[in-house]
Amino acid sequence: MLYSALFMAAGAALLGFTYLLASRSAPSKGVVSSVEAGMPAGQGLTTSVPDPPALTTYAEALRADQLHQLLVEAGVALAVMTFASVALGWIMAGRVLAPLRTMTAAARRISADNLRQRLAVPGPEDELKAMADTFDDVLGRLEGAFEAQKQFVANASHELRTPLTLQQAIVDVALADPGASVESLRAACLRVRAAGQEQERLIDALLTLARSQRGLRSGEFVDLAETVRDLLPDGGSEPGAPVVRADLGSAPVLGDPQLIERLVVNLADNAVRHNTLGDGESWVRLWTGTEAGFPVLRIDNTGPVIPRDQVAGLFQPFRRLGTERTRARPRTRPHGQGRPREGLGLGLSIVTAVATAHGGTVEAWPRPQGGLSVRVTFPPCVPPATSTSREPDTDPDREPGRGRPAVPRPEFSGRPETDRQGVGSAGD
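This one's a predicted model, so the numbers in the text were calculated from it and none came from an experiment.

Reading the values: rules and limits
- Residues numbered from 1 in each chain as written.
- Predicted model: local features only at pLDDT ≥ 70, side-chain atom pairs only at ≥ 80, totals over all residues.
- Heavy atoms only, no water.
- Helix = DSSP H or I, 4+ residues; strand = E, 2+ residues; numbered from the N terminus.
- Buried < 20%, exposed > 50% of the residue type's maximum accessible area, 1.4 Å probe, protein only.
- Contact = heavy atoms within 4.5 Å.
- Areas by Shrake-Rupley, 256 points an atom, 1.4 Å probe, with all protein chains shown as cover.
- Salt bridge = Lys/Arg side-chain N within 4 Å of Asp/Glu carboxyl O.
- Pairing = 2+ DSSP bridges.
- Phe/Tyr/Trp six-rings, centres within 6.5 Å; stacked < 30°, edge-to-face > 60°.
- Lys NZ or Arg CZ within 6 Å of the ring centre and 35° of its normal.
- Core = buried A, V, L, I, M, F, W, Y, C linked by side-chain atoms within 4.5 Å.
- Patch = residues over 30% accessible without salt bridge, like charges linked within 9 Å, V, L, I, M, F, W, Y side chains within 5 Å.

## Remarks on the overall build of the protein
For step 1, the next point in the chain: From N to C terminus, the protein includes eight helices and eight strands.
For step 2, the next point in the chain: The 428 residues of the protein split such that 29% are buried.
For step 3, the next point in the chain: A separation threshold of at least 6 residues defines the contact pool for the protein, and within that pool the share at least 24 residues apart is 74%.
For step 4, the next point in the chain: Total accessible area on the protein stands at roughly 26,400 Å², and carbon and sulfur atoms take up 59% of it.

Spelled out as structure tokens, the structure:
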């Protein structure tokens, strides 16, 4: 209807313009001759030469009649063409909008329970098909997000139920023993307390993961070198513990200090927890610095050989090497010998979420000799100056134009660059 109204308005404007031109045009000599020949005898003509006033009056009357006839016929033609345009426009609009009706009906049938359905609009590569393909891509991403959420809820429920089941079993066994001694009851209480602490750790990790996935509201400058130096694990202080080596250069990052600390703690804890124990040498190596202006944190560690196709899965919630969510009850070490060996399965997923919240990326690749190499890259930033005046730089070991000693990048033994797997980025 809109296009028909526009057509009618354009036709009326054309008709008015044509009528205006015809009304203002002077009659030609041919028209005057035809008027002289067509005038009836005796109408003011007393001689063989026509009377000019009578001739002019008759010509004006004839011209007015012709203009009126032109206006009427053009108006009728405009009305006919307007109705024709309405009919043709209705038919063409129905044919053009038919795919939209199909897409609308299909979209209304899609819900959270059948996100696998797609529009799958056939036809040429036009705007409608491009819109349908984009909608299908959005549905695919939503389906993946819903499936991940369902899997996460199932895994979290399983992980939270395990300590509860253990607590109930311990209490039931203690209550069913009529001759339980004080020592056995005390041991049962300690086991229940350990299970409760396991729940507390898991809930704290879930809250941290949710907080990091929410994004950053504000940030402040944090030096990765200072953060890592404050949170270095105690390597080599216990029997069988890996040796910790650190090469820390300044790497300023703009972000949340608590989340960045959690990222460092999780990476270091994961490197120590899953390290090689036994007669062979075990170590953890940490490096911070800038590469092409980007702050970088890299952690390498020895450990079991990890298949390349399982590296990306380690950064998913509740995913562990070789298993998806299987975890035995916590095996606590003797007092004073460190934390339990088993993790929650959330450490590396929190690392990915924190890096993504800061606009960074996480890369990981297995070492040929065993273990894992993880590299976290943050966006470049310029920390605020702490002083307006600086002493001249006379240290010959400093790089030109920099305020700190040149920190060479250590030679890590790892896979080639082509074997790296990106497991988190700002666009994920």
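## Things to note about the pattern of salt bridges
For step 1, the next point in the chain: One pass over the structure, following the stated rule, counts ten salt bridges.
For step 2, the next point in the chain: Among the ionic pairs, Arg375 bridges to Glu363, the shortest N-O distance being 3.4 Å. On the criterion of sequence distance, the pair formed by Arg375 in strand β7 (residues 372-377) and Glu363 in strand β6 (residues 361-366) is long-range, its members being twelve residues apart.
For step 3, the next point in the chain: Three or more residues joined by partner-sharing salt bridges are found here, namely Arg116, Arg118 and Glu143.

## Comments concerning the pairing of β7
For step 1, the next point in the chain: In terms of burial, β7 is a largely internal element, six of the six residues being buried.
For step 2, the next point in the chain: Both strand β5 (residues 294-301) and β7 contribute to a ladder of six bridges, which runs antiparallel. Within β7, the residue paired with Leu297 across the bridge is Val376.
For step 3, the next point in the chain: Examined bridge by bridge, β6 and β7 share six bridges and lie antiparallel to one another. Of the residues in β7, the one forming a bridge with Glu363 is Arg375.

## A closer look at the packing of aromatic side chains
For step 1, the next point in the chain: Applying the stated criterion to the full structure yields zero aromatic pairs.
For step 2, the next point in the chain: The ring of Trp283 has Arg285 sitting right over it, with the charged end atom 4.5 Å from the ring centre.

## Re the nonpolar core
For step 1, the next point in the chain: Leu263, Leu267, Leu297, Leu346, Val374 and Val376 are the most contacted members of the largest nonpolar core, which totals 41 residues.
For step 2, the next point in the chain: Mapped onto this core, the elements with two or more residues apiece are α5 (182-213), α6 (224-230), α7 (257-273), β4 (283-291), β5, α8 (347-357), β6 and β7.
For step 3, the next point in the chain: Sequence-distant contacts of Val376, defined by excluding residues within four places in its chain, comprise Leu263, Leu267, Pro295, Val296, Leu297, Val351, Ala355, Thr361 and Val362.
For step 4, the next point in the chain: Core analysis: the next-biggest nonpolar cluster, separate from the first, contains five residues, Met103, Ala106, Leu119 and Val121 among them.

## What about unusual backbone geometry?
For step 1, the next point in the chain: Even without glycine at this site, Ala120 takes up a positive phi of about 50 degrees.
For step 2, the next point in the chain: The topology assignment puts Ala120 in the loop between α3 (52-109) and α4 (127-176).
For step 3, the next point in the chain: Using a relative accessible area of 58% as the deciding quantity, one classes Ala120 as exposed.
For step 4, the next point in the chain: Of note, Ala292 is a non-glycine position whose phi angle comes to about 55 degrees, a positive value.

## What to know about a nonpolar patch on the surface
For step 1, the next point in the chain: On the surface, Leu2, Tyr3 and Leu6 cluster together into a nonpolar patch covering about 410 Å² of accessible area.
For step 2, the next point in the chain: Relative to the helices and strands, Leu2 resides in helix α1 (residues 2-24).

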